[in-house]
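Report on the structure
Spelled out, the chains give:
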Amino acid sequence: MIGYIDKIKEISKGLLEEKKVDMIIGFRKGTVPMINEPCVAKTSADVDNFVWDSSCGINLANYLTGRKEKIGIIAKGCDSRNIVNHIIENKINREQLTIIGVPCKGMVDRSKVKALVSSDIEEVIEKEDTMVISGADFEKTVKTSDVISKNCTICMHRNPVIFDELVAEEVDEQKDVNRYEDIDKIEAMDSGEKWNYFEDMFKSCIRCYACRNACPLCYCPTCFVDESKPQWVGKSQDPIDIWTFHFLRAYHCAGRCTDCGACVRACPMDIDVRLLTKKLEKDCFEMFNWEAGLSIDKRPPLDVFNADDPDGFIK
Amino acid sequence: MKVIKIDKQDFTSGIEKLADSYRLFGPVKEKESYAFQKLEKGQLPDFNFKNTRLSIKSVINPQSEVMFEYSLDEKQTDHHVMKEAKKDYSPRAIFGVRPCDGKSMVLVKPNFDTLEYKDNYWLDSYNCTTFVGLACNDPCSTCFCTSAGSGPFDETGLDVLLIDMDDYYIAKAVTSKGEALLSAASWDTAGTLDDVEDKKSKAEKKIKTSVSIDNIKDRSINEIHQASFWEDIAFSCINCGTCTYVCPTCWCFDIQDENSGKSGVRMRNWDSCMFPLFTMHGTGHNPRGEKTQRVRQRFMHKLKYYLDKYDQGIQCVGCGRCIQSCPVNIDIRRVCNIMNDYNYE
Ligand code: SF4
Ligand code: SF4
Ligand code: SF4
Ligand code: SF4
């Protein structure tokens, strides 16, 4: 994927020079290893700062909400699906966008890499399929595909589903992956085990809401946790309030979540919040044969009424 | 002040002794990271940490703290009366306080302890604590304490500074409170600081990044406030507030009443200038309604308003936590240097 950057720059510069867009949303090199920073380029000189590698995990669709400009945006498979969601949900117009699609091979999980070494990682240099990690007293080469995020290992849509330009040939989609391994495990637990599992999982949550804010789906002007009339949830570290936030947020993402993993990547406490939305993603897949964000011409199952609905309760 | 040598096996027995007269806190490993926690009987602070994810702020003014309790049951004679919540302010010692966290106490104190107002929750919690520091022989790549008015061996704000000399510790008492703790632990073998200087300069050399503030100091608030770089700095911010929660020098909180049935509590919870709700008026007007304004507020407060108001440097000790935890890589070192190097007319 590191080979993409020249093409990304070429396309971006062309779009800006021809004034097809006012700005392009992409990534610039991060100040610490394994995280690049989302940024805006308005001139060709700005585009020179763009980078592309396996540390571009942040979902850029999140930066489109409600914008008025004509925008070029660099989009991996999952970003493109969240762009589709945004278009369906009227958060951005298709006509405003020039989507620069990036076939993706997975984004790195910083915690996985950190766990491989015992001291501070000072530098990571990415090669075609490997990464060279180094610190004061060590150097280690890892295969990038061994350290990509969990959601990327089970991703079925690595190629952008909607785009105007494509920076490289499409990559092979993954086959024979068990997408619901984690969920099956939790589903097999009895209610006591589930209780303990989730209690332990959310123990360290500090309610910063980074998971919510990193998620392109969470654009409500006032989130239910921030409402005061009525106040749906308390604001303290009371576990019930913490769980209420997480479970309700997950339900608000049902049929919309693309499993992009932005929520997990954002969490400063390494909480795998994705597990909740993944269960709902599984349910939508099994009940409605639905995967979110694949087409701008289809309404999500939870916002349509169908007279032929097999369930009688709604009629 | 005393300088004591502590053999590593005596360290354990000393901690056991201290448990009789202090409530002990220290870093404990939690999954992949470390957190300050109350140490159970026989539990030792785990010194294999670089730094804790949350600072000692999580002990001194915890994220959620009950201030008052009340009853709404009119059958009770004292219903609807706010009663001070009972707290344990018996002596407490926190082990493994990194020098940056020690220094942070000095920076936040003027906010809680002013001529007009005394914040007793913070002050009582602070005053009952003996801060036992642990010098950083091996700072992280995100540390920049040496240019933020602190350093890996800084004693400011600590009562004792422990230095790990591999086979033993050197304990340097910084205050009489610290001396009292060393005696209570029966750590009484005299030591020397001879080899400490060498460790210190080695550690300082490992810190490779820095911030400069000389130009920020001389510029007016308005000049920096109106500069053109804020939009670019703020673009990626998702206003999650993580940076302020993990920061030892961020002190803001919000007060809430919570009822359950007929009883309730008045509590305070950490709050953050990065949240839109922080400045939302009852009218619905929000003076910092835009993300760029909130990002600017955070950096202006830390790097300019505080600097001007208290004349004791910036409101940042260079611990690097916000750099490590920010989900979108907004780096205060970069921002500070942009503010400082900008070509103001
Ligand atoms: S809930 Fe998480 S995985 Fe799903 S779309 Fe939002 S950020 Fe992505
Ligand atoms: S990002 Fe992590 S710590 Fe913050 S609210 Fe979400 S789960 Fe909790
Ligand atoms: S942690 Fe980063 S993204 Fe979150 S509020 Fe702070 S600067 Fe913004
Ligand atoms: S601003 Fe960042 S580096 Fe400075 S004290 Fe706070 S968390 Fe540490």
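Structure's up top.
Right, let's walk through the structure included here. All figures in this text were calculated on a predicted structure; none of them were measured in a lab. (Residues numbered from 1 in each chain as written. Chains lettered and ligands numbered in written order. Predicted model: local features only at pLDDT ≥ 70, side-chain atom pairs only at ≥ 80, totals over all residues. Heavy atoms only, no water.)

The next thing to look at is the site of ligand 3. Residue and element names in this part refer to chain B. Cys237, Cys240, Gly241, Cys243 and Cys326 are the nearest of the 13 residues found near ligand 3. In a pocket analysis with a 2 Å cut-off to the grid points, ligand 3 is assigned to the second largest cavity. In terms of residue class, the shell around ligand 3 is made up of nine nonpolar, three polar and one charged. (Near = heavy atom within 4 Å. 1 Å grid on protein atoms, 1.4 Å probe; cavity = no way out; pocket = protein on both sides within 12 Å on 5 of 7 lines; lining within 4 Å. Sits in = over half its atoms within 2 Å of the grid points. Nonpolar A, V, L, I, M, F, W, Y, C, P; charged D, E, K, R; others polar.)

With that out of the way, let us pick up helix α5 (residues 176-184) of chain B. Residues and elements named next belong to chain B. All of the buried residues along α5 are Gly178, Leu181 and Leu182. Looking straight down α5, one finds its buried side chains confined to an arc of 100°; they lie on one side. Against the buried residues of α5 lie β1 (3-7), α1 (8-21), β6 (92-97), β7 (129-134), β8 (160-164) and β9 (168-173). Note on α5: the residue one or two positions beyond its end, Ser186, has a positive phi of about 55°. (Buried < 20%, exposed > 50% of the residue type's maximum accessible area, 1.4 Å probe, protein only. Helix = DSSP H or I, 4+ residues; strand = E, 2+ residues; numbered from the N terminus. Arc of directions from axis to C-beta. Contact = heavy atoms within 4.5 Å.)

Moving on: the packing of aromatic side chains. By the definition in use, this model includes 24 aromatic pairs over all chains. Consider the rings of Tyr209 of chain A and Phe245 of chain A, whose centres lie 4.7 Å apart with planes at 65°: the pair is edge-to-face. Of this pair, Tyr209 of chain A sits in the loop between α7 (191-201) and α8 (210-214) while Phe245 of chain A sits in helix α9 (residues 239-252), and the two are 36 residues apart along the sequence. Phe245 of chain A carries the same exposure label as Tyr209 of chain A, and that label is buried. Taken together through their ring pairs, the aromatic side chains of Phe11, Phe47, Phe95, Tyr169 and Trp187 of chain B make up a single cluster. (Phe/Tyr/Trp six-rings, centres within 6.5 Å; stacked < 30°, edge-to-face > 60°.)

Surveying the vicinity of ligand 1 reveals the residues Asn82, Cys215, Leu217, Arg249, Cys257, Thr258, Asp259, Cys260, Gly261, Ala262, Cys263 and Thr277 of chain A. Classifying every residue of the shell around ligand 1 by side-chain character gives six nonpolar, four polar and two charged.

Before going further, it helps to spend a moment on the packing of helix α11 (residues 291-310) of chain B against helix α13 (residues 332-341) of chain B. Residues and elements named next belong to chain B. Following both chains from N to C, one finds α11 and α13 inclined at 70°, their axes separated by 11 Å at the closest point. Judged on the interaxial angle alone, α13 and α11 are roughly perpendicular. Along its contact with α11, which presents Arg298, Phe299, Met300, Lys302 and Leu303, the element α13 presents Ile332, Val335, Cys336 and Met339. (Axes fitted to C-alpha atoms, helices over the stretch in contact; angles between N-to-C directions. Parallel < 35°, antiparallel > 145°, perpendicular 65-115°, else oblique.)

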